[in-house]
Structure formats: structure tokens, C-alpha cells
Amino acid sequence: MKVGRNDPCPCGSGKKYKKCCMDKENSAKNADVKEDYVKKYNIRLKEESDIEAIKVAGRLAVKTLEIVEPYVKAGVKTDDINTLVHEFTIKNGAIPAPLNYRGYPKSVCISVNEVICHGIPDSRILKEGDIVNIDVTPILNGYYADANKTFFVGPPSSDAKKIVSVARESLKAGRAMVRPGKKIGDIGWAIQTYAESHGCVPGMVFTIEPMINLGKRELHILDDGWTAVTDDGSLSAQFEQTYHVTEDGFEVLTPYDLDAPLLPQN
């Protein structure tokens, strides 16, 4: 028999359940869930203090994208954008997570046109008609936040408009599935093999990062060991945000407007 909040507490204290043992029992259940997720999936559900710290890192990630956006224009080297991201991150007391991660040589991932993800900034010069994804991950006070956006360089082609719009809408569709009880596999087939067996519960924090190719799905990794590109040379776009599963849905920890107009950078 289920005990209601306003029912007499089963312990016999004479108090209402909500004023007596309800919080203790809920705390015990939450502790069991947290322990279960660590043992089964190596996932540490976050406390409120963790969420607040990730929010702070998330604001830095979004601010970094805002600072970078005006520099995503024709004639700019991707390595110059890397320098900007690196210096802004360090100036704000954070560490760029990509730098030296398993040998990755730069502080940001910059993926242009047919590059799906993990593009390494170098001497490549952006030109009119390019689409450019910039993926930033600052570590602030030990907490990671991850976000990316795809930008137009100058007036986009119809194909560029299409693929960037589809990528952003895919992120919106994915986040709509974030709520307690849903399976991670419901969010994206790409992570199904790892995570489909367990569901979303309050306290989970993860990113959603749909990568959409205009052409076929086949890809290959360049000799640098990082850069993933489409086999057919077609455009690829992506958007990413970091999410926290709440008691009744989700909270965006790297908030930026997914409904803002997609405008070219001149």
C-alpha cells in the first residue's frame, strides 16, 4: 500500500508522513540509485553543487563561442581561432580540455565543410561559402562543459543551409527525449551500443551532439588520427549542448538559442 504525503507516518510517530520519514526514505532511495549507477555504468550522478559548478563552466563555454563568432570569416586561419579560444579560456581561469588529450595538439576542434568532427586547427584559411563547426570544452575548477555550433562563412549555399538547419533541429529533437525513465538510446542511435541498457535518471549530465552528413554516412580518419571526414566529400554539420536530467525533464547547462536565425559571418 502506497503511503501518501499527508497520511499518518507508518513509523507510528503520529506525524504526517511528509513531516516525518518521507525525506529519509527518499534520501535512502537516491543513495541506492547513485551507488547502482556507479557500480553498473561508472556514471556518477551529480549533486546540486556539481550542477552549479558545471553551469559556471557552461557559461564560459557559451561565452567562448560568442567571442569566437565574429572571427569566423573569410581570410581567417583556423589556427588563429585556436589561439583566440586558448587565450580566452586561460584568461578566465580554465583549461582547454582538448589540449594534449590523448595527443590532441590544439585547444579546440574546428571542423570545416566535409570534416565531421575533431578537425585540428592549422594554416587552413576560411573562405566564402564554408561551414565551420567550433567545439569548445573548458575545464573550470575541475568541471567540464562542452558545446559547439556550426557557422556560415559568408552567404551559404542551399546545401549548406539545409545541412546546418537539419543538424540544429536534430539536437532539438534529441533533447526533447531527455527526462527520467527514458533510455539514452532514445536520444541517439550513435551511442546505443554503449548506453542503451540504462535510462536517464535525475542527476545525470551528458552532451547531445548530432553530426549530420549531407551525403552518405561513410567516413574515414585522416593520418593525424583525429580528423573524421566524409568519404564522398559532402558537407557535415553539428550542434552540441550539455544537459542535466532533472526530476521532470532537463536543464541546459550550456544555454544558447537554438531558434536564433542562422546568419552568415561577413
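Everything discussed here concerns the structure shown above.
Below or above, wherever it landed, is the structure these notes cover. (Residues numbered from 1 in each chain as written. Predicted model: local features only at pLDDT ≥ 70, side-chain atom pairs only at ≥ 80, totals over all residues. Heavy atoms only, no water.)

Note on sheets: strands pair through backbone hydrogen bonds, and any given pair is parallel or antiparallel. Pairing in this open sheet of 3 strands is antiparallel, and the strands run S3-S11-S10 from one edge to the other. Edge positions in the sheet fall to strand S3 (115-117) and strand S10 (219-221), since each has one partner strand and no second. The average angle at which neighbouring strand axes cross in this sheet is 35°, direction not considered. Two strands pair when backbone bridges link them, and S3 and strand S11 (residues 228-230) are joined in this way by 2 bridges, in the antiparallel orientation. Looking across to S11, one finds that Val 115 is bridged to Val 229. (Pairing = 2+ DSSP bridges. Helix = DSSP H or I, 4+ residues; strand = E, 2+ residues; numbered from the N terminus. Axes fitted to C-alpha atoms, helices over the stretch in contact; angles between N-to-C directions.)

Here the focus is the environment of Arg 179. Mapping Arg 179 onto the fold places it in the loop between helix H4 (158-175) and helix H5 (184-187). Residue class for Arg 179 comes out partly exposed when judged on its relative accessible area of 34%. Sequence-wise, Arg 179 and Asp 248 are 69 residues apart; in three dimensions their C-alpha atoms are separated by 6.2 Å. Setting aside residues up to four positions removed in sequence, Arg 179 forms contacts with Cys 200, Val 245 and Gly 249. Here Ala 176 takes part through its backbone oxygen, which lies 3.0 Å from a polar atom of the side chain of Arg 179. (Buried < 20%, exposed > 50% of the residue type's maximum accessible area, 1.4 Å probe, protein only. Contact = heavy atoms within 4.5 Å. Polar contact = N/O pair within 3.5 Å; in protein donor to acceptor, adjacent residues only side chain to side chain.)

Read from one edge of the open sheet, 4 strands run S2-S4-S7-S15, paired in mixed fashion. Whereas interior strands pair on both sides, the edge strands pair on one side only; in this sheet they are strand S2 (109-112) and strand S15 (264-265). Across 2 bridges, the pairing between strand S7 (residues 147-153) and S15 is parallel. If you follow Phe 152 over to S15, its bridge partner there is Pro 264. In this fold helix H3 (residues 78-91) packs onto S2 and strand S4 (131-136), with an angle of close to 150° to the strand it touches most, S2. Of the strands in this sheet, S4 and S7 are in contact with H4, which crosses S7 at around 165°.

A few words on the pairing of S7. With respect to burial, S7 is a largely interior element, 7 of its 7 residues being buried. A two-sided burial pattern is seen for S7, the buried positions comprising Ala 147, Lys 149, Phe 151 and Val 153 on one face and Asn 148, Thr 150 and Phe 152 on the other. Inspection of the sheet shows S4 paired to S7 by 6 bridges, in the antiparallel sense. Counted as the bridge partner of Val 132 is Phe 151 from S7.

Bringing H3 into the picture now. Its 14 residues place the ends of H3 20 Å apart at the C-alpha level, agreeing with the 20 Å of an ideal helix rising 1.5 Å per residue. Here H3 has its buried residues at Thr 78, Ile 81, Asn 82, Val 85, Phe 88 and Thr 89. An end-on view of H3 places all buried positions within 140° of arc, on one side of the element. In H3, the exposed positions angled more than 90 degrees off the buried face are occupied by Glu 87 and Lys 91. Elements that come into contact with the buried residues of H3 comprise helix H2 (48-68), strand S1 (95-96), S2, S4 and strand S5 (138-140). Two residues or fewer past H3, Gly 93 is found with a positive phi of approximately 80°. (Expected span 1.5 Å × (residues − 1). Arc of directions from axis to C-beta.)

Glancing now at the nonpolar core. By size, the foremost hydrophobic cluster in this structure holds 50 residues, and its most contacted members are Val 72, Ile 81, Ile 134, Met 204 and Phe 206. Here the element with the most residues in this core is H2; it accounts for 6 residues. Excluding residues that lie within four positions of it along the chain, Phe 206 makes contacts with Val 178, Ile 184, Ile 187, Cys 200, Gln 241, Thr 242, Tyr 243 and Val 245. (Core = buried A, V, L, I, M, F, W, Y, C linked by side-chain atoms within 4.5 Å.)

Right, let's talk about the pattern of salt bridges for a bit. Counted according to the given criterion, the structure contains 12 salt bridges. Note that Asp 36 is salt-bridged to Lys 40, the shortest N-O span being 3.7 Å. Separated by 4 residues within a single helix, Asp 36 and Lys 40 lie in helix H1 (residues 22-41), roughly one turn from each other. Overall, the relative accessible area of 29% leaves Asp 36 in the partly exposed class. The partner of Glu 169 in a salt bridge is Lys 172, with the nearest N and O atoms 3.2 Å apart. You can see Glu 169 and its partner Lys 172 sitting in helix H4, 3 residues apart, about one turn around the helix. Judged by its relative accessible area of 38%, Glu 169 is partly exposed. We classify Lys 172 as buried; its relative accessible area is 19%. (Salt bridge = Lys/Arg side-chain N within 4 Å of Asp/Glu carboxyl O.)

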